[in-house]
Amino acid sequence: MSGTHVGSPIAARVRHVEALLEHRGLLDDGEIDRRIDEFLAGGSPANGARVTARAWVDPGFAERLLADANGAIRELGLSMSGGLQEQRLKVVANTEAEHNVVVCTLCSCYPIALLGPSPGWYKSEAYRSRVVRDPRGVLREFGLQLPGTTRISVWDASAESRYMVLPRRPAGTERLGEEELAGLVTRKGLIGTAAV
Amino acid sequence: MSRINDVGGMAGFPAITEEPDEPPFHADWEAHVLALNGALIRRGVYNLDEFRDAIERMPPQEYLAASYYERWFTAIVTLLAEKGVATPEDLATPEELEVPGA
C-alpha cells in the first residue's frame with residue numbers, strides 16, 4: 001500500500017500532462033518549479049516550535065494562542081493563509097491531565113505553515129484508521145507511554161480546520177531562553193505523537 | 001454513506017511505519033503533481049473541494065493500491081477530462097494508448 005510501482009511510467013505520464021497544459025496555455029514557463037520552491041519554503045516545524053516556545057515564556061501569548069490561534073501566530077509573522085485558502089487553526093494544549101494528538105482520518109489535512117510538509121506516516125491509512133480507535137496503543141508504538149490517568153483527545157482535521165498541539169514545557173528548562181526552548185520542540189511533539 | 005478514504009476506526013491496516021530522514025518528496029514527479037494541482041486550482045480549472053472529491057470517488061481497490069501522489073495525479077487527470085480541458089486520449093501518453101485493450 002502507498003508504495004511506488006516498480007517500473008511505473010507515472011513520471012512520464014506527469015511530464016506528458018504538464019507538456020499538454022503548457023501547450024494549451026494553462027501553465028506558465030517555470031511555474032511548476034516556482035510553485036515547488038514556494039511549497040518547500042512555505043513552512044517548517046521550526047515555525048511551530050517558535051510558537052510553542054513563545055507560549056511557554058509568555059502566558060499572555062499562550063492565552064491568546066489558545067483562544068484565537070490564527071490571530072496569535074500573526075504576532076510572530078506567521079499565517080494560515082499561505083495555501084489555497086485561509087484555514088482555521090486551533091491550538092490544543094497538553095496538560096498533566098490531558099494529552100492531545102492530531103490526525104486527518106479522511107486524507108492529510110495538516111498545518112503546513114507551522115509544520116512543513118507532513119510525514120508519510122501521517123498520511124498512511126494505518127495511522128488514520130488506528131489513532132482514533134486506539135490512541136493509547138498508537139502513542140505507545142511511537143514510544144510515548146502515557147499514564148493511565150492521562151486523558152487522550154484526538155483531533156480530526158478537516159479541509160477548513162487545522163490543529164497543532166502545544167506540548168508541555170519539559171521540567172528543568174527554567175533557565176533556557178526562548179530560542180533554546182524552541183530547539184527542544186519536534187514535529188512529532190506538535191502532532192502529539194511525542195511528548196515535546 | 002462513507003467512501004474508501006473514510007478510514008477512521010477501520011480495522012485491518014498494518015502497523016505504522018516511520019521513515020527516518022524522510023524527504024518531502026520521494027521523486028521529482030511527486031513535486032510536479034503538487035505544483036500542477038496548485039496551478040490548476042489557482043486558474044479556476046477546478047476547486048479544492050472538487051479535487052478532494054475526485055480522490056475520494058476513486059474505486060476502492062485503486063485508491064488502496066495507489067500512493068499518495070498517485071491519487072493526486074489520478075484526480076487531476078479525471079478532472080481535466082471531466083472539465084473538458086483535454087480528452088482522455090490527449091491525456092494519455094503514446095505508450096498508454098498502445099496498451100492492448102486500454
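The structure presented is a predicted model; accordingly, all values stated were derived computationally and were not measured.

What counts as what
Per chain, the residues get numbers from 1 upward, laid out in the order the sequence is written. For naming, the first written chain is A and the first written ligand is 1, with later ones following in the order written. Only residues with pLDDT of at least 70 are given local features in this predicted model, and only at 80 or more are side-chain atom pairs given and counted; all residues enter the totals for whole chains, interfaces and linings. With hydrogens and water excluded, all non-hydrogen atoms of the structure serve as input to the side-chain values. A run of DSSP states H or I qualifies as a helix once it reaches four residues; a run of E qualifies as a strand once it reaches two. Both are numbered from the N-terminal end. We call two residues contacting when some pair of their heavy atoms lies within 4.5 Å. The method behind every accessible area is Shrake-Rupley, applied with a 1.4 Å probe, and residues are considered shielded solely by the protein chains displayed. Two residue types count as positive, namely Lys and Arg, and two as negative, namely Asp and Glu; His and chain ends fall outside the count. Charge coordinates come from a single atom per side chain, which is NZ of Lys, CZ of Arg, CG of Asp or CD of Glu. Every case where a carboxyl oxygen of Asp or Glu lies within 4 Å of a side-chain nitrogen of Lys or Arg is listed as a salt bridge. Two N or O atoms count as a polar contact when they lie within 3.5 Å, although within protein this holds only if one can serve as hydrogen donor and the other as acceptor, and sequence-adjacent residues are included solely when both atoms are side-chain atoms. Residue polarity follows a fixed list, in which Ala, Val, Leu, Ile, Met, Phe, Trp, Tyr, Cys and Pro are nonpolar, Asp, Glu, Lys and Arg are charged, and the others, Gly among them, are polar. Each residue is assigned to one of three classes by its accessible area relative to the maximum for its type, calculated with a 1.4 Å probe on protein chains only: buried under 20%, partly exposed between the two thresholds, exposed over 50%. Think of it this way: a Phe, Tyr or Trp ring, Trp meaning its six-membered ring, pairs with another when their centres are within 6.5 Å, and the plane angle makes it stacked under 30 degrees, edge-to-face over 60, tilted otherwise. We call a charge positioned over a ring when the NZ of a Lys or the CZ of an Arg lies within 6 Å of the ring centre and within 35 degrees of the ring normal. Residue ranges assigned to each domain were obtained from an automatic or database domain assignment. Here the arc refers to the set of directions running from the helix axis out to each C-beta atom.

As for the overall build of chain A
Looking only at helices and strands, chain A features 11 helices and four strands. Put simply, 68% of the contacts in chain A that link residues at least 6 apart link residues at least 24 apart. Element-wise, carbon and sulfur atoms account for 50% of the exposed surface of chain A, whose accessible area totals about 9200 Å². For chain A, the centre of its 24 positive side-chain charges and the centre of its 24 negative side-chain charges are spaced 6 Å apart.

A short note on the overall build of chain B
Each helix and strand in chain B was counted, giving six helices and zero strands. Along its sequence from the N terminus, chain B presents helices and strands in the succession α-α-α-α-α-α. In terms of overall dimensions, chain B has C-alpha extents of about 40 × 35 × 35 Å along its principal axes. For chain B, the share of sequence-separated contacts (at least 6 apart) that also reach a separation of at least 24 residues comes to 57%.

Observations concerning the interface of chain B and chain A
With 50 residues of chain B in contact, the opposing surface of chain A contributes 52 residues. Residue B:R71 pairs with A:E125 through a salt bridge whose shortest N-O separation is 2.8 Å. In this structure, the connection of chain B to chain A is made through 18 residue pairs in polar contact (both at pLDDT 80 or more). Looking at the side of chain B that touches chain A, the elements with two or more residues in it are helix 1 (28-42), helix 2 (48-56), helix 3 (60-65), helix 4 (68-82) and helix 5 (88-91) of chain B. Counted by class, the side of chain B that touches chain A contains 32 nonpolar, eight polar and 10 charged residues.

Description of the environment of B:A65
All names here are of chain B. Position of A65 relative to the elements: it lies in helix 3. For A65, a relative accessible area of 42% puts it in the partly exposed group. In this structure the C-alpha to C-alpha distance between A65 and A35, which are 30 residues apart in sequence, comes to 23 Å.

Things to note about the packing of aromatic side chains
Within the structure shown, the criterion is met by 14 aromatic pairs over all chains. Between A:Y127 and A:F142, the ring centres sit 6.3 Å apart and the planes meet at 90°, which makes this aromatic pair edge-to-face. Taken together, the residues A:Y127 in helix 8 (residues 125-130) and A:F142 in the loop between helix 9 (135-141) and strand 3 (151-156) connect sequence positions 15 residues apart. Judged by relative accessible area, which is 0%, A:Y127 ranks as buried. Among the aromatic residues, those joined into a ring-pair cluster are A:F39, B:F25, B:Y46, B:F51, B:Y68, B:Y69 and B:W72. Taking the ring centre of B:Y68 as reference, the NZ or CZ of A:K123 above it sits at 4.4 Å.

Some remarks on the domain arrangement of chain A
Per the domain assignment, the segments of chain A are domain 1 (10-40) and domain 2 (43-191). The distance between the C-alpha centroids of domain 1 of chain A and domain 2 of chain A comes to 33 Å.

Observations concerning helix 2 (residues 31-41) of chain A
By the burial criterion, the buried members of helix 2 of chain A are A:E31, A:I32, A:R35, A:I36 and A:F39. Buried residues along helix 2 of chain A cover an arc of 135° about the axis, so they all sit on one side. Across helix 2 of chain A from its buried face, at more than 90 degrees, point the exposed residues A:D37 and A:A41. For helix 2 of chain A, the secondary structure elements touched by its buried residues are helix 1 (10-23) and helix 6 (112-115) of chain A together with helix 1 of chain B.

Things to note about unusual backbone geometry
Positive phi, normally seen in glycine, also occurs at B:D21, with a value near 50°. Looking at B:D21, the relative accessible area reads 78%, which means it is exposed.

Side note on the pattern of salt bridges
Side chains bearing opposite charge may pair, as long as their charged atoms lie close to each other. Under the definition given, this model contains 19 salt bridges over all chains. The closest approach of N and O atoms between A:E178 and A:R54, which form a salt bridge, is 2.7 Å. Residue A:E178 is located in helix 10 (residues 178-182), and its partner A:R54 is located in helix 3 (residues 45-57); the two are separated by 124 residues in the primary sequence. Its relative accessible area of 27% is what places A:E178 among the partly exposed residues. On the accessibility criterion, A:R54 (25% relative accessible area) is partly exposed. For B:D53, the salt bridge goes to B:R57, with nearest N and O atoms at 2.9 Å. Here B:D53 falls in the partly exposed class, since its relative accessible area comes to 27%.

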